[in-house]
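# Chain and residue survey
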Amino acid sequence: MASLLDDAAREVALAPLSGWTYDGAAKAIRRQFRFKDFSEAFAFMTRVALAAEKAGHHPDWSNGYNRVEIALSTHDAGGLTERDIALATAIDAIAL
């Protein structure tokens, strides 16, 4: 099982991740992405789904027209781990 990040490690890990914020109540990081239209948002979700499946780590997310909201937390660890940071980094690369 992955180890939880403590407060200091979480702050260091989040520093290079623009737009991601920590939600203490959910013990997760969150980010919202906006696209030109539904097709672009859905294409982004498809690319993220493939990366998540490859990593064996899946986001909690929702989509509304041109918006995709993503929350990452390692459920079996009970909060934020390096797996979430790695997936957030991959998601940011996909969004470019």
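Look up: the structure comes first, before these words.
Since we're looking at a predicted model, the values are computed, not measured.

## A look at the sheet that holds strand β2 (residues 28-34)
Taken together, the four strands give an open sheet; going across it, the order is β1-β2-β4-β3, and neighbouring strands pair in antiparallel fashion. Looking at which strands have only one partner, the edges of the open sheet turn out to be β1 (21-23) and β3 (60-64). Across the sheet, the axes of successive neighbouring strands diverge by a mean angle of 25°, strand direction being ignored. Judged from the five bridges that link them, β3 and strand β4 (residues 67-72) form a sheet pairing that is antiparallel. Note that in β4 the partner of D60 across the bridge is A71. Each of β2 and β4 is contacted by helix α3 (residues 82-95), which is oriented at about 10° to β2, the strand it contacts most.

## Structural notes on the side chain of H57
Position of H57 among the secondary structure elements: in the loop between α2 (38-55) and β3. Only 2.6 Å separates the side chain of H57 from the side chain of D84, close enough to count as a polar contact. With near-sequence residues (within four places) excluded, H57 lies in contact with A52, S73, T74, R83, D84 and L87.

## A few points about the nonpolar core
One recurring pattern in soluble globular proteins is that nonpolar side chains are buried together. In this structure, W20, I29, F44, I70, L72, I85 and I91 are the most contacted members of the largest nonpolar core, which totals 21 residues. Elements represented by at least two residues in this core include exactly α1 (7-14), β2, α2, β4 and α3. In contact with I91, not counting residues within four places along its chain, are W20, F33, F44, V48, I70 and L72.

## Details of the packing of aromatic side chains
Under the criterion given, the structure shown has four aromatic pairs. Measuring from centroid to centroid gives 4.9 Å for F35 and F44, while their planes differ by 40°, and the two rings are tilted. Taken as a pair, F35 and F44 share a single burial class, namely buried. Pairwise contacts between aromatic rings join W20, F33, F35 and F44 into one cluster.

What counts, and at which threshold
- Residues numbered from 1 in each chain as written.
- Predicted model: local features only at pLDDT ≥ 70, side-chain atom pairs only at ≥ 80, totals over all residues.
- Heavy atoms only, no water.
- Pairing = 2+ DSSP bridges.
- Helix = DSSP H or I, 4+ residues; strand = E, 2+ residues; numbered from the N terminus.
- Axes fitted to C-alpha atoms, helices over the stretch in contact; angles between N-to-C directions.
- Contact = heavy atoms within 4.5 Å.
- Polar contact = N/O pair within 3.5 Å; in protein donor to acceptor, adjacent residues only side chain to side chain.
- Core = buried A, V, L, I, M, F, W, Y, C linked by side-chain atoms within 4.5 Å.
- Buried < 20%, exposed > 50% of the residue type's maximum accessible area, 1.4 Å probe, protein only.
- Phe/Tyr/Trp six-rings, centres within 6.5 Å; stacked < 30°, edge-to-face > 60°.

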